[in-house]
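Structural description and commentary
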Amino acid sequence: MCGIFGYSGNKQAQGLVIQGLKHLEYRGYDSSGIAMQTHSHKILIEKTHGKIKNLEATLKNNPLSGTTAIGHTRWATHGIPTPENAHPHLNESDELAVVHNGIIENYFELKQALQKQGVRFRSETDTEVIVHLVAKYYKGNLEEAVRRTLKDLKGTYAIAVISSSEPGKIVAAKMDSPLVIGSTKKESYLASDISALLEHTNHVTFIENGDVVTMNQGSFSITDIAGKKISRPVMKIDWDITQAKKGGYQHFMLKEIFEQPGILTAILKERIRGGAIYFDELKITAAQFKKIKRIFIIACGTAYHAGLTAKYILEDLAGIPVSIDTSSEFRYRDPKVDKSTLVIVVSQSGETADTLAGLREAKAKGAMTLAICNVLASSIAREAKGVIYTHAGPEIAVASTKAFTAQLTVLSLFAFYLGALFKTISPKKEKALLKELLLTPHRIQKILDGYKKEEATWKKNVHNFNIHYHTQLEKYFSAKNHERKRSPNGLFLYLGRNINYPIALEGALKLKEIAYIPAEGYPAGEMKHGPIALIDENPWVICLVPESKTYDKMISNIQEIRARGGRIIPIVTEGDKKIERLNPVFTIEVPKTPEIFSPLLTVIPLQLFAYLVALEFGEDIDQPRNLAKSVTVE
Ligand code: AGP
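These remarks concern the structure in this document.

1. Considering the sheet that holds strand β23 (residues 492–496)
An order of β24-β23-β25-β26-β27 is seen for the five strands of this open sheet, with the pairing classed as parallel. Pairing within the sheet leaves two strands with one partner each, and these edge strands are β24 (519–523) and β27 (588–590). Sheet twist, expressed as the average angle between the axes of neighbouring strands with direction ignored, equals 20°. Judged from the four bridges that link them, β23 and strand β25 (residues 540–545) form a sheet pairing that is parallel. Each residue of the ladder has a partner; that of Tyr494, found in β25, is Ile542. Its contacts with the sheet place helix α16 (residues 501–515) against β23, β24 and β25, and it is angled at close to 175° to β24.

So, in structure tokens, the structure goes:
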């Protein structure tokens with residue numbers, strides 16, 4: 001969950017490294033630093049607490065001059081965020097520097113052994129053992145010293161190392177943390193992901209586990225840990241740098257919400273050709289899929305919600321039993337999967353540690369594995385037997401939005417593909433439903449257009465929540481002790497049934513992770529089994545009540561909530577005449593669509609609502625506290 005960047009070329013490196021780190025800041029931003037090979041062959045470093053702008057400000061007064069440098073933006077795992085614990089880390093003579101993304105699991109034993117040999121440590125991090133080991137093994141050849149060091153390490157890493165004795169050279173290595181390199185005629189770049197390379201080149205090479213890269217001003221070579229030469233393909237990336245920039249929106253999150261219609265249109269156009277569904281990159285054959293008796297989906301967070309929604313769609317269209325679990329639960333419970341199970345692994349980043357571990361557990365048990373990923377050639381994408389890319393473009397905001405609807409669209413298409421294979425869906429029904437799916441991007445656009453037109457009303461409603469919440473707090477604190485019952489908790493309840501229950505979970509997660517407000521997604525049918533005790537005039541209840549076979553049941557749930565003073569915000573199908581009788585605080589309409597595709601619509605207002613509440617509360621929407629975009633540590 002950190003970002004590393006390196007440059008070796010013919011230009012001043014400082015500005016390039018800072019710019020590269022800014023593209024990676026969403027991966028972690030509690031401290032950052034840069035190490036520069038200077039022309040006096042000394043390595044100089046600068047490290048600061050907090051975001052990269054703090055490092056930039058420090059460097060403004062004390063710039064570092066040189067053409068080879070490595071940099072790091074951190075999400076702390078070992079050692080609190082301080083300049084001492086920030087990367088890069090130097091060896092004792094300041095002649096070697098390292099940056100690292102990952103966790104060295106045996107760092108404590110290595111540190112003890114090095115300290116016994118008299119090595120003095122300056123930080124509490126696991127990473128610092130790497131640079132002291134490289135120093136221990138260095139005999140004038142940096143890549144040999146790094147290869148020898150890797151043999152001592154256990155854990156995960158993407159590292160870059162420079163030496164004051166070898167001008168221009170950067171040595172990098174990868175084990176389970178992402179690393180990608182790019183080069184132009186006279187310049188070499190390395191980064192944790194491609195968004196940091198795109199302004200320099202869109203021809204990149206993804207480094208694999210066990211690879212050791214040596215780069216120097218435009219040239220690079222790759223070996224394995226034993227020193228045997230390896231070649232890796234150079235891939236052309238069709239993401240341009242503007243996609244990775246804000247495009248005029250105040251936040252990446254809002255930009256990515258508004259990108260959804262275009263992305264889903266592109267996915268559907270690419271995957272539905274002549275009425276048939278294509279997954280060109282899929283290496284699993286139809287004959288292999290035919291042997292599958294059940295599906296098990298694993299994922300984390302929003303990806304889990306996409307998987308849970310897909311469970312309903314796959315069971316409906318492909319008639320196959322689907323189980324689902326969060327990756328962190330799946331990997332430790334000795335899951336009962338085997339060669340007749342298809343394990344679908346959903347992950348935007350393709351680097352989530354628990355999901356990668358769950359994938360490996362499934363493979364070890366002989367299951368067939370299919371990754372649904374957004375990042376090309378990410379670890380999960382490469383280790384699964386088959387992969388279907390969501391092609392949602394770089395998702396920069398920590399709160400996932402476009403990746404979610406892209407995952408859902410791809411999983412829906414996969415359900416159609418299996419349905420046709422297992423003959424559980426008639427060609428007539430498939431044709432009719434695919435036509436509706438193809439209209440989904442236009443329906444999402446209609447919701448977004450409605451939001452833009454009514455933005456002032458949305459903001460007023462959100463502001464009213466803020467007023468109501470703080471009025472309740474004042475009432476509570478001005479009451480005498482004996483009159484106080486319980487503080488208003490500002491709780492948001494999200495209720496849904498059937499295929500919209502996972503959307504209730506997703507809406508609650510969005511509000512929690514960017515507005516830091518207590519929110520809980522719940523199956524509406526469960527309210528009477530306890531949670532309705534929470535209802536008084538305090539909580540706000542967002543009810544997903546589009547046209548569906550459970551519509552009447554949802555209306556009854558809403559009536560029970562209103563009877564106890566609960567404040568409701570229903571998400572309904574446009575033209576719904578019944579809902580106003582229930583006196584909602586405000587109502588949000590979505591276009592009519594078959595129930596099976598309603599989650600792709602009902603999730604949009606929940607993304608926008610969470611965004612506006614976080615905006616009202618002045619939170620750091622794209623980089624919420626305590627979070628990082630890709631949870632690459634367990
Ligand atoms: C979602 O908004 C969160 N950022 C988080 O729950 C995320 O979905 C989860 O960490 C999974 O990430 P992945 O899709 O990259 O595996």
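Now that the structure is up, let's keep going.
2. Side note on the site of the ligand
The immediate surroundings of the ligand are formed by 15 residues, with Gln348, Ser349, Thr352, Val398 and Glu513 found nearest. Between the ligand and Ser400, the relevant distance is 2.8 Å, taken from an oxygen atom to a main-chain nitrogen or oxygen of the residue. One nitrogen or oxygen atom from the side chain of Lys510 is found 3.0 Å from an oxygen atom belonging to the ligand. Notes on the ligand: free accessible area 410 Å², of which the protein chains cover 90%. Grouping the amino acids of the shell around the ligand by side-chain chemistry returns six nonpolar, seven polar and two charged.

3. Observations concerning the sheet that holds strand β11 (residues 203–206)
Sheet strands pair by backbone hydrogen bonding; their relative direction is either parallel or antiparallel. On the basis of which strands lie adjacent, the open sheet formed by eight strands has the order β3-β2-β4-β1-β10-β9-β11-β15 and antiparallel pairing. In this open sheet, the two strands that pair with only one neighbour each are β3 (43–49) and β15 (235–236). Strand direction decides the pairing type here: strand β1 (residues 3–8) and strand β4 (residues 68–74), joined by six bridges, are antiparallel. Counterpart to Gly3 in the pairing with β4 is Thr73. Against the sheet, helix α1 (residues 13–24) engages β1, β2 (31–37), β4 and β10 (188–191), with an angle of about 155° to β1. In this fold helix α2 (residues 52–61) packs onto β2, β3 and β4, with an angle of close to 130° to the strand it touches most, β3.

4. Side note on the side chain of Thr156
Structurally, Thr156 is set in the loop between α5 (142–150) and β7 (157–163). If near-sequence neighbours (up to four positions away) are discounted, Thr156 is found in contact with His100, Asn101, Gly102, Ile103, Ile104, Met175, Asp176 and Ser177.

5. Description of the pattern of salt bridges
Working definition: two side chains of opposite charge can pair if their charged atoms are close together. A full pass over the atoms with the stated rule returns 31 salt bridges. Here Glu315 makes a salt bridge to Lys311, at a shortest N to O gap of 3.3 Å. With Glu315 and Lys311 both in helix α8 (residues 301–318) and four residues apart, this pair spans about one turn of that helix. For Glu315, a relative accessible area of 32% corresponds to the partly exposed category. Between Lys629 and Glu395 there is a salt bridge; the shortest N-O distance is 2.7 Å. Taken as a pair, Lys629 in the segment after α18 (599–616) and Glu395 in the loop between β22 (386–389) and α12 (402–422) lie far apart in primary sequence, 234 residues in all. Residue Glu395 is classed as buried on the basis of its relative accessible area of 3%. Connected via shared salt-bridge partners are Glu143, Glu166 and Lys169.

6. So, the packing of aromatic side chains
Per the counting criterion, the structure on display carries 20 aromatic pairs. A centroid spacing of 5.3 Å and a plane angle of 55° characterise the contact between Tyr7 and Tyr189, whose relative ring orientation is tilted. Within this pair, whereas Tyr7 is found in strand β1, its partner Tyr189 is found in strand β10, the two being separated by 182 residues in sequence. In terms of burial, Tyr7 and Tyr189 fall into one category: buried. When the centroid spacing of 6.2 Å and the interplanar angle of 55° are considered together, the rings of Phe258 and Tyr451 count as tilted. With a gap of 193 residues between them, Phe258 in helix α6 (residues 252–271) and Tyr451 in helix α14 (residues 440–453) connect regions that are remote in the sequence. The exposure class assigned to Phe258 is buried, which follows from its relative accessible area of 12%. Stacked on the ring of Tyr278, the Lys or Arg Arg273 has its end atom at 4.3 Å from the ring centre. For Arg625, the ring lying beneath its charged end belongs to Tyr516, and the centroid distance is 3.9 Å.

7. Things to note about α5
With seven of nine residues buried, α5 is to be regarded as a mostly interior element. Against the buried residues of α5 lie β6 (96–101), α4 (128–137), β7, β8 (169–175), β12 (212–216) and β13 (219–223). Two or three places before Glu143, at the start of α5, stands the capping residue Asn141, its side-chain oxygen 3.0 Å from that residue's backbone nitrogen.

8. Description of the pairing of β1
Of all six residues in β1, six are buried, a share of seventy percent or more. The alternating pattern of β1 places Gly3, Phe5 and Tyr7 on one face and Ile4, Gly6 and Ser8 on the opposite face, and all of these are buried. Looking at chain direction, β1 and β10 are connected through four bridges and run antiparallel. Within the sheet, the bridge partner assigned to Tyr7 lies in β10 and is Tyr189.

Rules used in this analysis
- Residues numbered from 1 in each chain as written.
- Predicted model: local features only at pLDDT ≥ 70, side-chain atom pairs only at ≥ 80, totals over all residues.
- Heavy atoms only, no water.
- Pairing = 2+ DSSP bridges.
- Helix = DSSP H or I, 4+ residues; strand = E, 2+ residues; numbered from the N terminus.
- Axes fitted to C-alpha atoms, helices over the stretch in contact; angles between N-to-C directions.
- Contact = heavy atoms within 4.5 Å.
- Near = heavy atom within 4 Å.
- Polar contact = N/O pair within 3.5 Å; in protein donor to acceptor, adjacent residues only side chain to side chain.
- Areas by Shrake-Rupley, 256 points an atom, 1.4 Å probe, with all protein chains shown as cover.
- Nonpolar A, V, L, I, M, F, W, Y, C, P; charged D, E, K, R; others polar.
- Salt bridge = Lys/Arg side-chain N within 4 Å of Asp/Glu carboxyl O.
- Buried < 20%, exposed > 50% of the residue type's maximum accessible area, 1.4 Å probe, protein only.
- Phe/Tyr/Trp six-rings, centres within 6.5 Å; stacked < 30°, edge-to-face > 60°.
- Lys NZ or Arg CZ within 6 Å of the ring centre and 35° of its normal.

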